[in-house]
Amino acid sequence: MEQILFYIFATMVVLSATMVITVRNPVRAVLFLVVTFFCSSAIWLLLEAEFLAIVLVLVYVGAVMVLFLFVVMMLDINLARLREGFTRYLPIGAVVVIMLAIMLGMLVGPEHFGLDKFEAPARQAASYSNTRELGMVLYTVYLYPFEIAAVILLVAIVAAIALTLRRRPQTKYQDPDIQVAVQRNDRLRMVKMDAEKRK
Amino acid sequence: MNFPLPNFLPALPEIFLLTMACVVLLVDLFLTDRSRGATYILAMASLLGVCVLIALSFSHSRILTFSDTFVRDPMADALKMGIMIAAMVSFLYAKDYLREHGMFKGEFYILGLFGVLGMMILVSAHNFLTVYLGLELLSLCMYAMVAMQRDSAIASEAAMKYFVLGAIASGMLLYGMSILYGVTGTLDLGLINERLPNVQDKILLSFGMVFLIVGIAFKLGAVPFHMWVPDVYEGAPTAVTLYLAAAPKLAAFAMLMRLLVDGMASLHGQWQDILILLAVASMAIGNIIAIAQANLKRLLAYSAISHVGYLLLGVLTGTTEGYAASMFYALTYVLMTLGAFGMIMLMSRQGFEADRLEDFKGLNERSPWFAFIMMILMFSMAGVPPFLGFWAKLSVLQALVQSTGLLWLAITAVVFSIIGAFYYLRVIKMMYFDKAEDSSALIASNDMRVVLSANGLLVLGLGLYPGLLLAFCLATIVSP
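Treat the numbers as computed from the prediction; the structure is a model and nothing was measured. (Residues numbered from 1 in each chain as written. Chains lettered and ligands numbered in written order. Predicted model: local features only at pLDDT ≥ 70, side-chain atom pairs only at ≥ 80, totals over all residues. Heavy atoms only, no water.)

## Regarding the overall build of chain A
This is how the line gets drawn: Only DSSP runs of H or I covering at least 4 residues are called helices, and only runs of E covering at least 2 are called strands; the numbering of each starts at the N terminus. What the globule rule says is 2.2 Å times the number of residues to the power 0.38, and the radius of gyration is computed from C-alpha atoms. Residue burial is assigned from relative accessible area. The probe radius is 1.4 Å, only protein chains are included, and a residue is buried under 20% of its type maximum, exposed over 50%, and partly exposed in between.
Scanning chain A for helices and strands turns up 9 helices and 0 strands. Along chain A, from the amino end to the carboxyl end, the secondary structure elements read α-α-α-α-α-α-α-α-α. Over its C-alpha trace chain A gives a radius of gyration of 28 Å, far above what one expects of a compact globule, namely 16 Å for 199 residues. Burial status across chain A gives 18% buried among its 199 residues.

## Details of the interface of chain B and chain A
Inclusion rule: It only takes one pair of heavy atoms within 4.5 Å for two residues to be counted as in contact. Put simply, a salt bridge is a Lys or Arg side-chain nitrogen that is within 4 Å of an Asp or Glu carboxyl oxygen. Each residue is assigned to one class: nonpolar for Ala, Val, Leu, Ile, Met, Phe, Trp, Tyr, Cys and Pro, charged for Asp, Glu, Lys and Arg, and polar for all the others, Gly among them.
Listed per partner, the contact involves 36 residues of chain B and 27 residues of chain A. Our count for the contact surface shared by chain B and chain A stands at 0 salt bridges. Broken down by secondary-structure element, the contributors of at least two residues to the side of chain B that touches chain A are α1 (12-29), α4 (106-123), α5 (128-146), α6 (153-184) and α8 (202-220) of chain B. Here the side of chain B that touches chain A gets 8 residues from one element, more than from any other, and that element is α5 of chain B. Residue composition of the side of chain B that touches chain A, grouped by class: 27 nonpolar, 4 polar and 5 charged.

## Looking at the packing of aromatic side chains
Aromatic ring pairs are described here by two measures, namely the spacing of the ring centres and the angle between the planes. All names here are of chain B. Heads up, the rule is: Here is the rule: rings of Phe, Tyr and Trp (six-membered ring for Trp) pair when centre to centre is within 6.5 Å. Planes less than 30 degrees apart are stacked, more than 60 are edge-to-face, and the remainder are tilted. A positively charged side chain is recorded as over a ring if its NZ (Lys) or CZ (Arg) lies within 6 Å of the ring centre. The angle to the ring normal must also be within 35 degrees.
Across all of its chains, the model carries 27 aromatic pairs over all chains by this definition. Taking the centre distance of 6.5 Å and the plane angle of 45° together, the rings of Phe58 and Phe472 count as tilted. Taken together, the residues Phe58 in the loop between α2 (37-56) and β1 (63-65) and Phe472 in helix α20 (residues 467-478) connect sequence positions 414 residues apart. The class for Phe58 is partly exposed, based on a relative accessible area of 22%. Ring geometry for Phe104 against Tyr109: centres 5.9 Å apart, planes inclined by 75°, an arrangement best described as edge-to-face. For the pair Phe104 and Tyr109, one class covers both residues: buried. Pairwise contacts between aromatic rings join Tyr40, Phe91, Phe104, Phe108, Tyr109 and Tyr243 into one cluster. When the ring centre of Phe104 is taken as origin, the NZ or CZ atom of Arg99, which lies over that ring, is 4.3 Å away.

## Side note on the domain arrangement of chain A
As a reminder, the rule being used: Start and end points for every domain follow an automatic or database-based domain assignment.
Along its sequence, chain A is carved into domain 1 (1-77) and domain 2 (130-166). Distance from the C-alpha centre of domain 1 of chain A to the C-alpha centre of domain 2 of chain A: 23 Å.

## Here's the deal with the side chain of Ser152 of chain B
As a reminder of what qualifies: What qualifies as a polar contact is a pair of N or O atoms within 3.5 Å, subject to a donor-acceptor requirement within protein and to the restriction that residues adjacent in sequence count only when both atoms come from side chains.
Its location among the elements puts Ser152 of chain B in the loop between α5 and α6. Within the structure, Ser152 of chain B has its side chain in polar contact with the backbone nitrogen of Ala155 of chain B (distance 3.0 Å).

## Here we look at α1 of chain B
Residues and elements named next belong to chain B. Operational definition: To estimate the expected span of a helix, subtract one from its residue number and multiply by 1.5 Å. Each C-beta atom gives one direction from the helix axis, and the arc is the one those directions make.
For α1, spanning 18 residues, the distance from its first C-alpha to its last is 26 Å, which sits close to the expected 26 Å at 1.5 Å a residue. Looking at α1, one finds that the buried residues are Pro13, Glu14, Leu17, Met20, Ala21, Val24 and Asp28. One side of α1 carries all its buried residues, which in axial view fall inside an arc of 130°. Relative to its buried face, α1 has exposed residues pointing more than 90 degrees away, namely Leu26 and Leu29. The elements touched by buried residues of α1 are α2, β2 (70-72), α3 (74-100) and α4.

## Digging into the pattern of salt bridges
Residues and elements named next belong to chain B. Under the definition given, this model contains 18 salt bridges over all chains. The partner of Asp77 in a salt bridge is Arg72, and the shortest N-O contact between them spans 2.8 Å. Accessibility classification places Asp77 together with Arg72 in one group, the buried group. Close ionic contact of Arg356 with Asp359 constitutes a salt bridge, the shortest N to O distance being 2.8 Å. On the accessibility criterion, Asp359 (10% relative accessible area) is buried.

## So, the side chain of Ser417 of chain B
Tracing the sequence through the fold places Ser417 of chain B in helix α18 (residues 407-433). Exposure remark for Ser417 of chain B: the relative accessible area of 15% places this residue in the buried category.

## Notes on the packing of helix α13 (residues 296-316) of chain B against helix α14 (residues 320-347) of chain B
Between two packed helices, what matters for the description is the angle formed by their axes and the separation of those axes. All names here are of chain B. Heads up, the condition is: Fitting a line to C-alpha atoms yields each axis, with helices limited to the stretch in contact; the angle taken between N-to-C directions then spans 0 to 180 degrees. In these notes the angle categories are as follows: under 35 degrees is roughly parallel, over 145 is roughly antiparallel, 65 to 115 is roughly perpendicular, and the rest is oblique.
Interhelical geometry of α13 versus α14 gives an angle of 170° and a closest axis separation of 8 Å. Comparing their axes, α14 and α13 come out roughly antiparallel. Side by side, α13 and α14 meet where Leu296, Lys297, Leu300, Ala304, His307, Tyr310, Leu311, Gly314 and Val315 of the first sit next to Gly322, Tyr323, Ser326, Tyr329, Ala330, Tyr333, Met336, Ala340, Phe341 and Ile344 of the second. Residue composition of the contact of α13 with α14, by class: 14 nonpolar, 4 polar and 1 charged.

What follows is the structure, given as structure tokens:
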């Protein structure tokens, strides 16, 4: 049963990942990426790593992919121009990839993997909580890597702001200060005039 | 639950630098463009502080902490001091250049400080996780710094190339790490080295190792993973090129040592062959293509590639003398490259980059003193005695000759070094025997003049007493 489930989800991962790079419409590509993430989180679940499965769905599908969709929809990407060099570079790219695949297959083929080479991890009891185990080591044993990861995120923020924040005087923007302090007289002008006579 | 609190003391320099970088980040927010100099002073003070902290607690043995993810040994301390000094010198050289080119912003120094933190983490890594995270921290800062000049198309192109190729290299590195983790069952470099002899599947082991070396070779800029080096060196603003050409080379050397020597010493026979290939290709391509360059930054990029080849020669011998010779070479190279890029920045002014070879024509008429400094640097890079570069090359070659069966490699290295001498000597010929196209005097602030002169004279002075630095390197490598 578990094996069948694994093969179903693994096939879906591979198929949807292929679709991500082959479909023409970028919005569809992003949606296929969502499918890929869903199926890989299912594979995490099969491995009893429920925390990672949930995080994958919450963070990637919930947050990152939505941002991706925003970006894809906001940018007007000219796909025809992006595809220009495709046929030109296809032959050499294909040769390199096929050679690499053959060489990797010959060197480390399936006989190097499998249950007789790597023992399957022991089953955990039903009360075993993956989340709890991760929580126990994340801030203790892995304190140092965890802190470095935090610094990397900080640097990412600094770098993103440094690269995008520029003063552009000609852009139009709203100043909340003025918006809040607006008076009735700024918005509405009372005009006194005599009633028009019907002609 | 309770767990033993890790010993924070060995990581004090890192903690201090992180705190100071955050302080600089906050202080910079409240500064106006006119008082931006304060950011520079604070950044320099933080680096100096780290330097003092390391010097005060210079280690004599190997200390592991944070569940063995962090290691502090004499080699780490020596390299960290080198990184601090290189970063301080590059900040100092960069100051005037950044002002003249309208790039004097706090972000340069903040990203620079975080990059230095990444290098320190990399130097002290004792676990695949810390190696990878330190590398990413360093690379992320460098990508952003290269891209900082937003209006320059060539800088954006360089940043894009650097980013994409860097991401691929990180992917390769991670793939290799995951294979090795699968085979050995641990991420700890010390444990990996212990378990390697017991691994049954040797093919899978070398398979993982190859990917690991690809990642390292990319970060070092060794042929055939050198494509990004010339474009990034040329495209980035010279101040950034200086930063990423100097200190990160020491970090990349440390990464090589940590992964191959600390982590896979018992596989020496296998990684030696790969390193020989990388070294010969780097020396050949670097030295030969440099001859055709008209842009000095590009020329120095190819020269960097060839120097990486020489640096690899020492490590691949697998002996303590070889490691020390490579470390000596790395320190020497950083000292020379700081001076060479410093000269480009000294000559440049507003709207003028001074990065073509012709710009150095007749430098002797314009400023005999700095022509002399540049001559020292070029002679040293070419490996002419009695300058420091000669002793660095000599110690690497000595290590090669002493180990069995590598004599041919030493001879190859000498041949390529003679080819390389051509383009260094051409710069000297242009400075002394060609007529100046531009006769304006050099304008530079006094601190830059003093430090650049000291930089050049140090290359000469240490060359006259070559034993000092080499003995220091040997002492730091031997002790563990």
